[in-house]
Amino acid sequence: MHGRLKVKSTAQQEEQKRQEREKKLKIFVAVRDACFSKRKEGIWDDEALKLTQQVLSSNPDFATLWNYRKEILMHQETVKEKDEVQTIYGAELSFLESCLQTNPKSYGSWYHRGWVSSRMPKPDWARELTLCDRCLSLDERNFHCWDYRRMVVKMSGVSVDQELAFTDRLIGSNFSNYSSWHYRSTLLPLLHPESPEPPSPCLKPLLKEYELVQNAFFTDPNDQSAWFYYRWLLGRAEREDMISCVYVSRDEERVAVAFSRPSVGLLLVLDGQPQRVEWRSVHPRFKHSPLWICDLPPGTISDISYEHNLTVHWTEKHIHRDCALYTGRTESYCRDSAMDQELFRSELSVEKTSVLQSELQSCNQLQELEPLNKWCSLTIILLMRALDPLGYEKEMLAHFQTLREVDSMRSAYYSDLCSKFMIENTILKMEYAEVRVFSISDKNLTTLCHLDQLLLVTHINLSSNQLQRLPPQFAMLQCLEVLEADNNSIENLEGLYHLPKLEEVLLKNNKISTLADLQPLASCPKLKRLDLRGNPVTQIANVESELAELLPAVKDLLL
Amino acid sequence: MGSQVKDVIIKPDAPTALMLDKHADYIAAYGSNKDNYEYTLSEYLRMSGMYWGLTVMDLMGQLQRMNREEITDFIKACQHECGGISASIGHDPHLLYTLSAVQILSLYDNVDAIDVDKVVEYVQGLQQEDGSFAGDKWGEIDTRFSFCAVATLSLLGKMDKINVDKAVEFILSCMNFDGGFGCRPGSESHAGQIYCCTGFLSLTGQLHQVNADLLGWWLCERQLSSGGLNGRPEKLPDVCYSWWVLASLKIIGRIHWINKAKLRAFILACQDEETGGFSDRPGDMVDPFHTLFGVAGLSLLGEERVKSVNPVLCMPEDVLQRIGLQPDLLS
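Here the structure is a predicted model, which is why all the values come from computation and not from measurement. (Residues numbered from 1 in each chain as written. Chains lettered and ligands numbered in written order. Predicted model: local features only at pLDDT ≥ 70, side-chain atom pairs only at ≥ 80, totals over all residues. Heavy atoms only, no water.)

## A look at the interface of chain A and chain B
Inclusion rule: By the convention used here, residues are in contact when the closest approach between their heavy atoms is within 4.5 Å. Reported buried area values correspond to the accessible surface (1.4 Å probe) lost by two parts on association, with both partners' losses combined. One speaks of a salt bridge when a side-chain nitrogen belonging to Lys or Arg is within 4 Å of a carboxyl oxygen belonging to Asp or Glu. Two N or O atoms form a polar contact when they lie within 3.5 Å of each other; inside protein one atom must be a possible hydrogen donor and the other a possible acceptor, and for residues adjacent in sequence the pair counts only when both atoms belong to side chains. Under the DSSP-based scheme used, a helix requires at least four consecutive residues in state H or I and a strand at least two consecutive residues in state E, with every element numbered from the N terminus. The residue classification treats Ala, Val, Leu, Ile, Met, Phe, Trp, Tyr, Cys and Pro as nonpolar and Asp, Glu, Lys and Arg as charged. All others, Gly included, are polar.
Each side of the interface is counted separately: chain A has 63 residues, and chain B has 69 residues. For the pair chain A and chain B, the summed buried surface comes to about 6,000 Å²; carbon and sulfur atoms form 55% of the total. Contact with chain B buries area across many residues of chain A, yet A:R4, A:K6 and A:M409 alone supply 12% of it, more than any other trio. Scanning the region where chain A abuts chain B turns up 13 salt bridges. The shortest N-O distance in the salt bridge between B:E43 and A:R32 comes to 3.0 Å. At the junction of chain A and chain B, the tally comes to 37 residue pairs in polar contact (both at pLDDT 80 or more). Sorting the residues of the side of chain A that touches chain B by element identifies α1 (11–40), α3 (63–79), α5 (107–119), α7 (143–156), α9 (178–191), α11 (224–234), α13 (374–387) and α15 (411–433) of chain A as the ones contributing at least two each. Each residue belonging to the side of chain A that touches chain B can be placed in one class, and the counts come to 23 nonpolar, 16 polar and 24 charged.

## Digging into the sheet that holds strand β2 (residues 254–259) of chain A
All names here are of chain A. Heads up, the rule is: DSSP bridges decide pairing: two strands pair if at least two such bridges lie between them. The angle between two axes is taken between their N-to-C directions and runs from 0 to 180 degrees, where each axis is a line fitted to C-alpha atoms and a helix contributes only its stretch in contact.
Pairing in this open sheet of 4 strands is antiparallel, and the strands run β5-β2-β1-β8 from one edge to the other. Strands at the two margins of the open sheet, each flanked by one partner only, are β5 (291–295) and β8 (331–335). The mean angle between the axes of side-by-side strands here comes to 10 degrees, regardless of whether they run parallel or antiparallel. Judged from the 5 bridges that link them, β2 and β5 form a sheet pairing that is antiparallel. What sits directly across from V257, in β5, is W292.

## Digging into the UniProt feature "domain: Rab geranylgeranyltransferase alpha subunit insert-domain" (unreviewed entry) in chain A
Note the threshold: UniProt positions are given in the numbering used here, feature names are shortened, and annotations may be inferred rather than shown by experiment.
Within this numbering scheme, the UniProt entry marks residues 243–338 of chain A as carrying the feature "domain: Rab geranylgeranyltransferase alpha subunit insert-domain" (unreviewed entry). The straight-line gap between the two end C-alpha atoms of residues 243–338 of chain A is 12 Å; of that span, 0% is helix and 46% is strand.

## What to know about the sheet that holds strand β3 (residues 266–270) of chain A
All names here are of chain A. The 4 strands are arranged β4-β3-β6-β7 in an open sheet whose pairing can be described as antiparallel. The two strands at the open ends of the sheet, each matched to only one other strand, are β4 (273–274) and β7 (319–325). Bridge count for β3 against strand β6 (residues 308–314) is 5 bridges, and the pairing is antiparallel. Residue L266 lies in a different strand from β6, and its bridge partner there is W314.

## A look at unusual backbone geometry
Residue and element names in this part refer to chain A. The line we're drawing: The buried label goes to any residue with under 20% of its type's maximum accessible area, the exposed label to any with over 50%, and the partly exposed label to all in between, with areas taken from a 1.4 Å probe on protein chains only.
A positive phi angle, near 50 degrees, is found at H498, a position not held by glycine. Among the structural elements, H498 can be located in the loop between β11 (482–484) and β12 (504–506). Despite not being glycine, N542 has its phi angle at roughly 60 degrees, a positive value. Residue classification places N542 among the exposed residues on the basis of a relative accessible area of 57%.

## Some points on helix α6 (residues 125–138) of chain A
All names here are of chain A. For clarity, the cut-off: By this rule, a helix spans an expected 1.5 Å times one less than how many residues it contains. What the arc covers is the set of directions going from the helix axis to the C-beta atoms.
The terminal C-alpha atoms of α6, which comprises 14 residues, lie 20 Å apart, in line with the 20 Å expected from a rise of 1.5 Å per residue. What α6 keeps buried is the set W125, E128, L129, L131, C132, C135 and L136. Buried positions in α6, seen along its axis, are confined to an arc of 155 degrees and lie on one side of it. Every exposed residue of α6 that faces more than 90 degrees away from the buried side is listed here: A126, S137 and L138. On its buried face, α6 sits against α4 (82–102), α5, α7 and α8 (160–173).

## Some thoughts on the nonpolar core
Heads up, the condition is: Only buried residues count toward a nonpolar core, which is a set of Ala, Val, Leu, Ile, Met, Phe, Trp, Tyr and Cys residues joined through side-chain atoms within 4.5 Å.
A:I460, A:L462, A:F474, A:L483, A:L496 and B:W243 are the most contacted members of the largest nonpolar core, which has 232 residues in total. Non-local contacts of A:F474, meaning those with residues more than four positions away in its chain, are made with A:L448, A:L451, A:I460, A:L462, A:L480, A:L483, A:G495 and A:L496. Listed in part, the 24 residues of the second largest apolar core include A:L25, A:C35, A:V55 and A:W115.

Right under this line is the structure:
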């Protein structure tokens, strides 16, 4: 079905071909029918093996016939002596070898070989490994063979070191190495399991791995597999599980809890008493959320003259966080800063700075030699993010510009990735300034992310970007009072859903087209001011009266 | 020294217009000549071949040209005592063809033509202790079969009959360093497997477990200068990856990371103006498999002359709406 060239030929050649195929077809049908009828009669003899062999040697995807052979072989096991069975299975392996030579990519052949090897009285795993070596020397990307090899290694106890050495050899001699790098990615963790305590004791082998990959992409900067592997090497640290923020509000009598990742299983203890509350996500369409909210029974914390102590428990992880709500205060919060969490470095590992510095240096050198190499530009960006996200912001933007030029097919990816990094930088700047205002105007934003980090934000300015929607996740901005989003391409406001403190929404010059698009706003109880100028929806008949009905509390409406 | 990027070059005279009528004629006539060599040799996958042909006809609004009764009778004759369904009469049952059969009957709103409870029993019985699924009683394990299992049960509304948590656990154990998935734990990422695994996670409501940004990057890097998509790094483009890769991107909410115009041009170039149908790459022989995935790919790209296709099940959206099956997608 794949790779069959359509060749134009003369009428005579066509006729000859047609006759040949007719002949072949006749034979095929006859043998196939013979196989089927023998099987129907329950015959498991040598003739059956011969017949199925005829078909399978050129049609190894005819799975039913491999099944028939399995039945025959299993029957032989019951009536022959062990060494005869060994011989029979040996012959089966020889037959399979010829099948694999003709068609090295048949699922049926490889599975049958594995089945035979595991049933043989005396399997020769060394021979199987050699077969894999040979097959991979012909096609290093044959995943059937790699999977078979993994099975052989498992059955025969070949060491991880030996297999790593095997990949070393392949990587050193070939260009198409992705399968080898992939295999390494599965072997390394077996040899050097990560320890939770820094400094990582597996630093030395990791440095060796960096060296190996660097050699690969310095030798051939267009060998993409090395770059993919490198990105993985840089990004291996897992973010620590934690409750990143707890927020309490007397006005809504609500508690909001942000986790480091989507999770469930929360217990709220108020003044020493476990509370029976219903935790929910901020939006029905956002089910696997890192942020959960609950409403306390009316009157529980509304009296501002009382102090309260809250503790939130992440039961599954045995982690908790305390938050005190003082007298005279309408709200309270408690969180780790993004910097403390090394939040945005979780894409890149917590390796020593000097290692990353030297990596960056090497890549910059390479970039001078190969200015059009997009892998290099992208990797430089990732390294700069790890070392100094704010300090390298300008350079990062320049590199993204280069990427959009040299790899224009993927400019949408680069725009989204750049948006993500600019949002990260803005979060960091916001923390340095110790304010709850998030301002990211005129930054070519194409997407929103890290919205779980914006729980405490009261004012957000997204104006003059290229946003198309405020997704359900936007509802995580539980403290939001003012939204400025003029001059975007927003057509969807799903995320403006039950935002308890939202008073002002500025959406001038966007793409809001229908009244239905504005429906979510009706769920925001405190909404008073709405600017919809420059949106297609303002051209709808009776728009003013429709909006008066939909949003009766909005007294300040600009159309 | 240095690797050459494998790719094809689209000739200037390659087709640029979508020839739906020719494709409908090609599929309608396919298999009418039972003495055809290719047709007979592909009997081992006949049920899937029928699913490919019927689905593309439905997407083109041409399903009525096919013989519903003959097809239903054929499927009935392929259901075995164990409940599983085979590719053709006389062949052994397998999850692959069980899914194809259920998909076909769903197109025709005729699922009760077979013994549904027995199908469910068959699928259930193939789940292993580690949550994986064997393709049939002979025990081959592959994430493709996990997809076949949950897709079949979803269409029948019987997902509660298997251990979903364990099944999910197995799929996640097949996630690789690059965010992709392979056949079994430790297997290299491959677009076909990624489609099966993201489709699986969609049907089981577990898409949040995917690293969408990382996998999306790997997937958008499948696009080559010709505009076509390959299945993994350093391979040639193939129109069927317009499905496996594109559908995966749609499922994880990153379809905009592909250059749509260039992909569309590549897919159209894979048409055969003479015979109708699509081939894997421009100039090769056509077949129903590539015809379906070419048309389905175009549908995902927004082709108005083709029905909307569901990225998880590769079936017309209107069929799934009728069944009431709307699997999650990331946004």
